[in-house]
Amino acid sequence: MSSLTEIWNFILSIPILGKIIGAIAIIYAINEVVEKTSVQKINPIKSLIDFIPLYRAKRINNKRESYYETLSATDYLKWSKSILKRIYPETRLTCVLDFEYTVTCIPASKCYKYPFKELLESESLQITDEKFQINKPIQVEYKKILGNTIKRPLLKGYMLTNYKFDENEQIFSVFAKTGTYEQNVYTSHILEYELFSLYKKNIKNIDALPIERVLSFLPLRNSIHKGQTPKSVINSGINRFCLLGVQVLILFKDHDDKRYKVLVIKRSKDVAAKPGYFQFIPSGGFEIFQNYDDEFILRNNFSARLALFRELVEEVFGEEEYIHNEKGIPEENILKHHKVAQLIKMIEKKEAFFEFLGSTVDLVSLRHELSFILRIDNINFSKLEFKPNHESRNIQLYPLIELSRRINKEKLNQGSAGLLYLASNHPLYKEILCQ
């Protein structure tokens, strides 16, 4: 008689409570053996419980909340900044509002003014239709955590390939390819989750390990770095789908107190990136406006002014029909929108000034945001109604000179921090402070 048979007969001979305890002990023992010996660390008990919808939803929600809470924790921010400084040792981090952010800025080569015709290389836009699968374990796990925060995963957008630089390594023009928001999320956004996962492993003395060893714990980021220098990774969208962002710092003179103010939101908790963070608006992904993807429309939508005004009507004026464009509204209608048309007239009359500042690069997600400044001297702009959209709770109008007091600098979106830095060194910004 084998020892296993003897154990089983013994369990059968004891009272019912003993049998239950014995059965539980055996199940957990088997579970431990499977989890430790399986390549993908499969936990049978957890997998079985995950079939219970209510439990699964609650567990995922708790994990998502823990993830977002950790991202803004002081210890995590200090740890991640230390890691990123070692990965990108030659990159200058941005310091603004007396706080250092893990974002770097690449200034514009020259003064690009509205309508920014020379900025984007539309004829060189690469029309791609690359197949993409979420098959890596960390991608599958990240997808579960994001849940329903990704509204339109297959929406096409414009992914940075590279820049054309001048002799001072400043941006002269932008080159891009097409891709989907899903591709961006699982090759760029996910880098933040990968960094978080490493933090949770609590590897001792990680700061003392060679940087090559540290990168081995970050396989997605490491695959981006293959064959590249840290600088070439920062200065391009190489080895990933890097959805370009567009953002504007709007400075407008208020009709009431004649002070210049800026538009700030606190991001909602049900968005895929930086929930609960402060952010200047308008700001968003550089995505195709119409629900069609033929080559003519893809190239026609690759326009800085159309992308900027679209974000303006969505995030500043709360025009919901522009967000999903289910009615198939042509992109030219954005320019005919009465509030946009009014602003364009102000620009033509030199009552408003719209210029390109450069790009901000978030070292966490390796995403680039084309950054602009819009100064509006005509007080009639301030009389318009500002309405939030789904990404925010409300819109706040902060006096420019009070930003450092009004904004929680530790919860300022990285891109917004870079935007503020670039703007603060621009004449349109400096002229206001001198008044």
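Look up a bit, the structure's there.
### What about the overall build of the protein?
Item 1. Across its full length, the protein carries 18 helices and twelve strands.
Item 2. Out of the 435 residues in the protein, the part that is buried amounts to 52%.
Item 3. Once local pairs closer than 6 in sequence are excluded, the contacts in the protein between residues at least 24 apart make up 74%.

### A look at the environment of Leu120
Item 1. In this structure, Leu120 sits in the loop between strand S3 (103-113) and helix H6 (137-146).
Item 2. Take Leu120: its relative accessible area is 8%, and that puts it in the buried class.
Item 3. The sequence separation of Leu120 and Val174 amounts to 54 residues, and the corresponding C-alpha distance is 5.0 Å.
Item 4. Contact partners of Leu120, with chain neighbours within four places excluded, come to Val174, Phe286, Phe302, Ser303, Ala304 and Leu370.

### Remarks on the packing of helix H5 (residues 74-87) against helix H7 (residues 181-201)
Item 1. Contact geometry of H5 with H7 gives a least axis separation of 11 Å together with a crossing angle of 110 degrees. Viewed along their axes, H5 and H7 adopt a mutual orientation that is roughly perpendicular. Touching Asp75, Tyr76, Trp79, Ser80, Ile83 and Leu84 of H5 are Glu192, Leu195, Phe196, Leu198 and Tyr199, all from H7.
Item 2. Of the residues contributing to the contact of H5 with H7, the split by class is eight nonpolar, one polar and two charged.

### What about the nonpolar core?
Within soluble globular proteins, side chains that are nonpolar generally end up buried alongside one another.
Item 1. Grouped together as the largest cluster of nonpolar side chains are 97 residues, with contacts concentrated most on Phe116, Phe309, Phe354 and Phe372.
Item 2. Per element, the largest residue contribution to this core is nine residues, and it comes from H7.
Item 3. Discounting chain neighbours no more than four positions away, the residues touching Phe354 are Tyr112, Lys113, Tyr114, Phe116, Val248, Leu308, Phe309, Ile347, Phe372, Ile373 and Leu374.
Item 4. Judged by nonpolar contacts, the second largest core, of 28 residues, contains Ile373, Leu400, Leu412 and Ala417.

### A word on the pattern of salt bridges
Item 1. All chains considered together, the criterion is met by 15 salt bridges.
Item 2. Put simply, Lys110 and Glu118 hold a salt bridge, and the shortest N to O gap is 3.0 Å.
Item 3. Judged by its relative accessible area of 36%, Lys110 is partly exposed.
Item 4. With a relative accessible area of 52%, Glu118 lands in the exposed category.
Item 5. For Glu431, the salt bridge identified is with Arg375, shortest N-O distance 2.7 Å.

Quick notes on the rules
- Residues numbered from 1 in each chain as written.
- Predicted model: local features only at pLDDT ≥ 70, side-chain atom pairs only at ≥ 80, totals over all residues.
- Heavy atoms only, no water.
- Helix = DSSP H or I, 4+ residues; strand = E, 2+ residues; numbered from the N terminus.
- Buried < 20%, exposed > 50% of the residue type's maximum accessible area, 1.4 Å probe, protein only.
- Contact = heavy atoms within 4.5 Å.
- Axes fitted to C-alpha atoms, helices over the stretch in contact; angles between N-to-C directions.
- Parallel < 35°, antiparallel > 145°, perpendicular 65-115°, else oblique.
- Nonpolar A, V, L, I, M, F, W, Y, C, P; charged D, E, K, R; others polar.
- Core = buried A, V, L, I, M, F, W, Y, C linked by side-chain atoms within 4.5 Å.
- Salt bridge = Lys/Arg side-chain N within 4 Å of Asp/Glu carboxyl O.

Any functional reading would require information beyond the geometric quantities listed.
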